[in-house]
Amino acid sequence: MTDLDTRVARPHAPLLRRAAPALLGYAAVRALGLLVLVVWSAARGKSAHTLLTARWDSLWYTRVAELGYGYQVRLPNGDVHSNLAFFPLLPWLERLGHAVTPLSYADAGFVVSLLASLAAAAGIFAVADRVYGPRVGVCAVLLWAVLPVGVVQSMAYSESLFTALAAWALYAVLTGRWLSAGTLAALAGLTRPVGMAVVAAVWTAAVVSFVRERGTRHTPGAHHDEHTPDAHAATHASTPGAHSDTHAPGPGAPAAPAPGALVSRGAPAPAPGASVIPRAPLWRRALALLIAPLGAAGYVLWVGHRTGTGPLGYLDVQAGWRNGFDGGYAFARFVGDKFTSFPSALAGLGLIIGVALLIWLYVTGVRGRQPVALLVYTGVVLALALCASSYFGSKPRLLMPAFPVLLPLAGALARLRVPRSALVVAGLAVAAAVYGAFWLNGSGPP
């Protein structure tokens, strides 16, 4: 028996057991961040608890949970800030937590975010493990944990909840669990406006599967049923606990590179057959297409009905917050204005480098043949974050759900020796903890 046969035949640990190192590392990073925040806030005479649960958007979510929709603030310049801008899933969970526990609405939101952040870490691991293997999965989770604005993952905000739903929806797509993918996409659509990114990923993956299946059916000599070796391997790989290196490419799929090879510079090689979605009945995929947009569409239509402004009334609500989509014009002007003086020019240069890095990482994912669902999801999240005319200080946290852009970096980190990669992560964790404490005690998120 060859070494490859041994590796394929050996039973693999269940997914959550494989994810345990990633979750433990994630919890350690977040604990460090919270500890530094508590010490820093106490030194400045502030409450870390208040910063995490009762400032900025946390207050708006809590007010929705406690009093429902209908509250608004009219600013001196005429802008109207309505709580209809905030999607309902997090407030619903806060209300549920308050009803079944002694927690306040704000504390319930904090607990939801803590649990959701762990679920998000597990989902990120599941996606990266499916595509690249467990070592890259661990590194991807740790990189997401040490993002400079990673402290938001522990706030009573909706970023962690949305990322958890998005990650597991993408994993459901990659493993052919279409009804789960559609349901999770619908819930993501009830969490944040960017939920349309998850819907787009589910739709695109389903359409691609239809096209590939139709093409295979009409290719002379091609067979695509569950009795073929390729379909059997894909089905085995999709079962709980199956490891991604057991995947086999489907008919017509490009030959996969050898494990550990680079598809393009800086990109880890996908596991053989990682982009092959296990076959599922047509009706399940069709039903997923119908379910996926129900959350976002339902809330947007409800807002339009409530405000009496028609199906697109939610856009008017966002306009009251000066949020809109202008293709990046306002952001470009914001960056350009930084070059009017020397000190601020450094910040402008940093912003340009940051955007260029995001684009490069995304292109690396494209060249590295990431599954189409990941590429579509990431592309929509990046476009909505970078091309919206929203408050520019929000953009780093709005980019946080775009975790697939971290996969090329995770691949590079995974290729390092363990002591060196641990040292890199530890250094980034300390820097993120200090920056998070400084940020929340200063300008903080909007």
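Coordinates for the structure precede this section.
These notes cover the structure that comes with them. (Residues numbered from 1 in each chain as written. Predicted model: local features only at pLDDT ≥ 70, side-chain atom pairs only at ≥ 80, totals over all residues. Heavy atoms only, no water.)

## Focus: the overall build of the protein chain
Logical step 1: The secondary structure content of the protein chain amounts to 20 helices and 2 strands.
Logical step 2: When burial is assessed residue by residue, the protein chain has 49% of its 446 residues classed as buried.
Logical step 3: Contacts in the protein chain between residues far apart in sequence, at least 24 positions, make up 76% of those at least 6 positions apart.
Logical step 4: Put simply, the protein chain shows about 20300 Å² of open surface, and 69% of that area lies on carbon and sulfur atoms. (Helix = DSSP H or I, 4+ residues; strand = E, 2+ residues; numbered from the N terminus. Buried < 20%, exposed > 50% of the residue type's maximum accessible area, 1.4 Å probe, protein only. Contact = heavy atoms within 4.5 Å. Areas by Shrake-Rupley, 256 points an atom, 1.4 Å probe, with all protein chains shown as cover.)

## With respect to the packing of aromatic side chains
Logical step 1: A full pass over the atoms with the stated rule returns 16 aromatic pairs.
Logical step 2: An angle of 15° between the planes, with centres 5.7 Å apart, marks the rings of Trp60 and Phe86 as stacked. You can see Trp60 sitting in helix 4 (residues 57-67) and its partner Phe86 sitting in the loop between strand 2 (80-82) and helix 5 (89-100), a full 26 residues away along the chain.
Logical step 3: Residue Phe86 is classed as buried on the basis of its relative accessible area, which comes to 8%.
Logical step 4: Taking the centre distance of 6.2 Å and the plane angle of 70° together, the rings of Tyr299 and Tyr314 count as edge-to-face. Here the residue Tyr299 occupies a position in helix 13 (residues 294-307), and Tyr314 occupies one in helix 14 (residues 313-320), the gap between them amounting to 15 residues.
Logical step 5: A network of ring pairs unites the aromatic residues Trp60, Tyr61, Tyr71, Phe86 and Trp321 as a single cluster.
Logical step 6: Stacked on the ring of Trp56, the Lys or Arg Arg55 has its end atom at 4.2 Å from the ring centre.
Logical step 7: For Arg63, the ring lying beneath its charged end belongs to Trp60, and the centroid distance is 5.7 Å. (Phe/Tyr/Trp six-rings, centres within 6.5 Å; stacked < 30°, edge-to-face > 60°. Lys NZ or Arg CZ within 6 Å of the ring centre and 35° of its normal.)

## What about the pattern of salt bridges?
Logical step 1: Under the defined criterion, the tally for this structure stands at 6 salt bridges.
Logical step 2: For Asp129, the salt bridge identified is with Arg18, shortest N-O distance 2.5 Å. Of the two residues, Asp129 sits in helix 6 (residues 105-132) while Arg18 sits in helix 2 (residues 15-43), which places them 111 residues apart along the sequence.
Logical step 3: Residue classification places Asp129 among the buried positions, given a relative accessible area of 2%.
Logical step 4: Looking at Arg18, the relative accessible area reads 12%, which means it is buried.
Logical step 5: Across the pair Asp57 and Arg397 runs a salt bridge whose closest N-O atoms are separated by 3.1 Å. Note that Asp57 is positioned in helix 4 and Arg397 in helix 18 (residues 395-398), a separation of 340 residues in sequence.
Logical step 6: The class for Arg397 is buried, based on a relative accessible area of 5%.
Logical step 7: Sharing partners across several salt bridges, the network here consists of Asp57, Glu159, Arg192 and Arg397. (Salt bridge = Lys/Arg side-chain N within 4 Å of Asp/Glu carboxyl O.)

## Points about unusual backbone geometry
Logical step 1: The phi torsion at Trp56 lies on the positive side, around 55°, for a residue other than glycine.
Logical step 2: By secondary structure assignment, the location of Trp56 is in the loop between helix 3 (48-53) and helix 4.

## Focus: the packing of helix 2 against helix 20 (residues 418-440)
When two helices pack together, their arrangement is given by the angle between the helix axes and by the axis-to-axis distance.
Logical step 1: Viewed as axis vectors pointing N to C, helix 2 and helix 20 meet at an angle of 40°, and their least axial separation amounts to 8 Å. Taken together, the axes of helix 2 and helix 20 are oblique relative to one another. Helix 20 is crossed by helix 2, and the crossing has right-handed handedness. Counting all contacts with helix 2, which are made through Val29, Leu32, Gly33, Val36, Leu37 and Trp40, the residues of helix 20 involved are Ala429, Val430, Ala433, Val434, Ala437, Phe438 and Leu440.
Logical step 2: Residues belonging to the contact of helix 2 with helix 20 are distributed by class as follows: 12 nonpolar, 1 polar and no charged. (Axes fitted to C-alpha atoms, helices over the stretch in contact; angles between N-to-C directions. Parallel < 35°, antiparallel > 145°, perpendicular 65-115°, else oblique. Left-handed = near helix turned anticlockwise from the far one by under 90°. Nonpolar A, V, L, I, M, F, W, Y, C, P; charged D, E, K, R; others polar.)

## Some remarks on helix 17 (residues 372-386)
Logical step 1: Its 15 residues give helix 17 an end-to-end C-alpha distance of 21 Å, which sits within 8% of 21 Å, the value for a rise of 1.5 Å per residue.
Logical step 2: Regarding helix 17, the residues found buried are Ala373, Leu374, Leu375, Tyr377, Thr378, Val381, Leu382, Ala385 and Leu386. (Expected span 1.5 Å × (residues − 1).)

## Observations concerning the side chain of Arg397
Logical step 1: Among the polar contacts listed, one links the side chain of Arg397 to the side chain of Asp57, at a separation of 3.1 Å.
Logical step 2: The contact partners of Arg397, leaving out residues within four places of it in the chain, are Asp57, Val149, Val152, Tyr157, Glu159, Arg192, Pro445 and Pro446. (Polar contact = N/O pair within 3.5 Å; in protein donor to acceptor, adjacent residues only side chain to side chain.)

## Section: the environment of Ala120
Logical step 1: With respect to the element layout, Ala120 can be found in helix 6.
Logical step 2: Residue class for Ala120 comes out buried when judged on its relative accessible area of 0%.
Logical step 3: Residues Ala120 and Ala166, 46 residues apart in the sequence, show an inter-C-alpha distance of 8.3 Å.
Logical step 4: Aside from chain neighbours lying at most four places away, what touches Ala120 is Trp144, Ser160, Thr163, Ala164 and Ala167.

## What about the packing of helix 16 (residues 342-367) against helix 17?
Logical step 1: Relative orientation of the contacting elements helix 16 and helix 17 amounts to 165°, with a least axis distance of 11 Å. Taken as axis vectors, helix 16 and helix 17 run roughly antiparallel relative to one another. Considering only the axes of helix 16 and helix 17, their crossing is left-handed. The segment helix 16 lies against helix 17, with Val355, Leu358, Tyr362, Gly365 and Val366 engaging Leu375, Thr378, Gly379, Leu382 and Leu386.
Logical step 2: Looking at the contact of helix 16 with helix 17, its residues break down into 7 nonpolar, 3 polar and no charged.

## Thoughts on the nonpolar core
Logical step 1: By size, the foremost hydrophobic cluster in this structure holds 111 residues, and its most contacted members are Trp144, Tyr377 and Leu440.
Logical step 2: Apart from the residues within four sequence positions on either side, Trp144 is in contact with Tyr26, Ser117, Ala120, Ala121, Ile124, Gln153, Thr163, Met400, Phe403 and Leu406. (Core = buried A, V, L, I, M, F, W, Y, C linked by side-chain atoms within 4.5 Å.)

## Side note on the environment of Val152
Logical step 1: Looking at where Val152 falls in the secondary structure, it is placed in the loop between helix 7 (134-145) and helix 8 (159-174).
Logical step 2: You can call Val152 buried: its relative accessible area is 1%.
Logical step 3: Each C-alpha atom of the pair Val152 and Arg397 lies 7.2 Å from the other, and the pair is 245 residues apart in sequence.

The quantities given are spatial measurements derived from coordinates; they are silent on function.
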